[in-house]
Amino acid sequence: SLGRLWALDAVPKDAGLLFLPAHNIGMSVSLYLAPLLELLGVRADVCLHRKTTRYRQLYTAPDLFGERYGGGMEPAMREWFLNRLPPRGAVTAGRKVYFSRSRLGPEVGRFCNEPLLEGLLEKDGYEIIAPERLSLEAQVTVMQDAEALLFAESSALHLYGLVARKGQRAGVIQRRSTVPTLIIGQFRDVPIDLCVIDAIEDILWPPLRAVNRSIAILDFDRLRDELSAQGFLSPGAEWRGPAVSEISSSLHLGLDVSGTLILDAERRDWLRAYKQRKNLRKRTATE
């Protein structure tokens, strides 16, 4: 939806924004739209289109950002967006931040033993940031101020892809077998290179159909070597891997008493069997 906002400069000043949500999400959309529009200094009224409505006049414009560009943004849109962001001072030299997922809890996709990783990075001078606990403006302020930014692979990268600045270094610790193409695409036309760090030893899944519950086990030695090679970790930084008991404890957070986990290589077969069992129950219920 952001890719048409540039046209506000070309329509009458009293034109509102007509938002057509793809799903029946009701007023909750304003929780996300309002802070973003405020950050960009957009004062237009927002209309949520929920039923058949006749408008006297409508304006539209080419979409210059998003999935049709593989996550990229046309130069005119990039210039419009950056000119709308609040002015910032220079990047703070030496400031290092890590954007974590651990505060989201065990019910979402995560790293095994991420709190241990946070502790090690903190000892090396990183601030640990849980972006979901900050306002949108506060997130942008941190993202534009830090010199080194390290991310647990997450949607926080979509926001950073909008506000990244020259003079920064950014890395993402991979959480899934491949980083989503929209994230990679979004960084093709920003002023920094995104360093992707793959230190995954294995990926496990709870016995659930949900696609956002994977647990990545990291090879901490490989992660240390990659972070050091890419300049995200100080020479001689304190480091250790998790003990076997720590790995087991972290893996089983949020699971039921059975504690069952499925290997990534076995998940497709599990999903197929799950679907077959579900269809069998349906047929049995109708007989």
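Scroll up for the structure.
Every chain is numbered on its own, with residues counted from 1 as its sequence reads. Only residues with pLDDT of at least 70 are given local features in this predicted model, and only at 80 or more are side-chain atom pairs given and counted; all residues enter the totals for whole chains, interfaces and linings. Heavy atoms throughout the structure, all of them, feed into the side-chain values; hydrogens and water do not.

A.B. asks: Just to check I follow, could you spell out the packing of helix 2 (residues 75-84) against helix 5 (residues 156-163) for this structure?
C.D. replies: When two helices pack together, their arrangement is given by the angle between the helix axes and the distance between those axes. One way to put it is that helix 2 packs onto helix 5 with a least axis distance of 9 Å and a crossing angle of 90 degrees. The angle between helix 2 and helix 5 places the two elements in the roughly perpendicular class. Contacts from R78, F81 and L82 in helix 2 reach G161, L162 and V163 in helix 5. Grouping the constituent residues of the contact of helix 2 with helix 5 by class yields four nonpolar, one polar and one charged. Structural elements are reduced to axes, namely lines fitted to C-alpha atoms, with helices fitted over the stretch in contact, and the angle between N-to-C directions of any two is expressed from 0 to 180 degrees. Secondary structure elements follow DSSP: runs of H or I of four or more residues count as helices, runs of E of two or more count as strands, with numbering from the N terminus. Note on terminology: angles under 35 degrees are roughly parallel, angles over 145 are roughly antiparallel, angles of 65 to 115 are roughly perpendicular, and the others are oblique. Throughout, a residue-residue contact means that at least one pair of heavy atoms, one from each residue, lies within 4.5 Å. Under the scheme applied here, ten amino acids are nonpolar (Ala, Val, Leu, Ile, Met, Phe, Trp, Tyr, Cys and Pro), four are charged (Asp, Glu, Lys and Arg), and all others, including Gly, are polar.

A.B. asks: Would you mind showing me how to read empty space enclosed by the protein here?
C.D. replies: Rolled over the atoms, a probe with the dimensions of a water molecule shows which regions are left empty. Put plainly, a pocket is an open set of points on a 1 Å grid over the protein atoms alone with protein on both sides within 12 Å along at least five of seven lines, a cavity is a set where a 1.4 Å probe fits but cannot get out, and a lining residue has an atom within 4 Å of a point. Grid points are joined across faces, edges and corners, and a volume is the space filled by probe spheres set on the points. Across all of its chains, the model carries one cavity of 30 Å³ or more by this definition. Quantified by volume, the largest cavity comes out at close to 30 Å³. Around the largest cavity, the lining residues are P106, V108, R110, P206, R213, I215, L253 and L255. Of the residues contributing to the lining of the largest cavity, the split by class is six nonpolar, no polar and two charged.

A.B. asks: Would you mind going over the sheet that holds strand 4 (residues 110-111) with me for this structure?
C.D. replies: Think of a sheet as strands paired side by side through backbone hydrogen bonds, with each pair either parallel or antiparallel. When DSSP finds at least two bridges between two strands, those strands are taken to pair. If you walk across this open sheet you meet the four strands as 4-10-9-11, and the pairing is mixed. The outermost strands of the open sheet, each flanked by one partner alone, are strand 4 and strand 11 (262-263). In terms of strand pairing, strand 4 meets strand 10 (residues 215-218) through two bridges, oriented parallel. Bridging from a neighbouring strand, F111 pairs with A216 of strand 10.

A.B. asks: Hey, could you run me through the pattern of salt bridges in this one?
C.D. replies: Once the charged atoms of two side chains with opposite charge are near each other, the side chains can pair. One speaks of a salt bridge when a side-chain nitrogen belonging to Lys or Arg is within 4 Å of a carboxyl oxygen belonging to Asp or Glu. The final tally for this structure, using the stated rule, is 14 salt bridges. For D9, the salt bridge identified is with R84, shortest N-O distance 3.0 Å. Of this pair, D9 sits in the segment before strand 1 (17-19) while R84 sits in helix 2; the two residues are 75 residues apart in sequence, bridging distant segments of the chain. Each residue is placed in one exposure class: buried if its accessible area under a 1.4 Å probe, protein chains only, is under 20% of its type's maximum, exposed if it is over 50%, and partly exposed if it falls in between. R84 gets classed as partly exposed once you look at its relative accessible area, which sits at 24%. With a closest N to O distance of 2.7 Å, R95 and E127 form a salt bridge. Of this pair, R95 sits in strand 3 (residues 92-99) while E127 sits in strand 5 (residues 126-129); the two residues are 32 residues apart in sequence, bridging distant segments of the chain.

A.B. asks: Honestly, the pairing of strand 3 in this entry has me stumped. Any pointers?
C.D. replies: On a regular strand, each side chain points to the face opposite its neighbour's, so the side chains alternate between the two faces of the sheet. As defined by bridge partners, strand 3 adjoins strand 6 (residues 146-152) across five bridges and the pair is classed as parallel. Across the sheet, F99 pairs through a bridge with F151, a residue of strand 6. Bridge count between strand 3 and strand 5: four bridges; the pairing is parallel. Residue pairing for strand 5: Y98 is matched across the bridge by I128.

A.B. asks: Could you clarify how one ought to interpret the pairing of strand 9 (residues 200-205) in this entry?
C.D. replies: Note that strand 9 and strand 10 share four bridges and pair antiparallel. Paired with L204 across the strands is I215, a residue of strand 10. Of the strand pairs in this sheet, strand 9 and strand 11 are connected by two bridges, and their pairing is antiparallel. Across the sheet, W205 pairs through a bridge with I262, a residue of strand 11.

A.B. asks: Please explain unusual backbone geometry as it appears in this structure.
C.D. replies: Leaving glycine aside, a negative phi is the common case for residues, and trans is the common case for peptide bonds. Residue N113 is not a glycine yet carries a positive backbone phi of 65 degrees. Position of N113 among the secondary structure elements: in the loop between strand 4 and helix 3 (114-123). Here N113 falls in the buried class, since its relative accessible area comes to 8%.

A.B. asks: Which parts of the structure should I look at to understand the side chain of E118?
C.D. replies: Positionally, E118 belongs in helix 3. Counting of polar contacts relies on pairs of N or O atoms within 3.5 Å, with two restrictions inside protein: one atom must be capable of donating a hydrogen and the other of accepting it, and residues adjacent in sequence are counted only when both atoms are side-chain atoms. For E118, the side chain forms a polar contact with the side chain of S100, separated by 2.4 Å. Contact partners of E118, with chain neighbours within four places excluded, come to Y98, S100, S102, R103 and I128.

A.B. asks: What am I meant to see in the sheet that holds strand 5 here?
C.D. replies: A sheet is described by the order of its strands in space; here five strands give the open sequence 5-3-6-7-8, paired in parallel fashion. Taken across any chain shown, the strands that pair with only one partner, and hence form the sheet edges, are strand 5 and strand 8 (194-197). Each strand of the sheet is rotated relative to its neighbour by a mean of 20 degrees, with strand direction disregarded. As paired elements, strand 6 and strand 7 (residues 169-173) share five bridges and run parallel to each other. Pairing of A148 across the sheet is with R169, part of strand 7. Sitting on the sheet, helix 4 (residues 136-145) is in contact with strand 3, strand 5 and strand 6, with an inclination near 120 degrees to strand 6. In the packing of helix 5 onto the sheet, the strands contacted are strand 6, strand 7 and strand 8, and the crossing angle to strand 6 comes to about 155 degrees.

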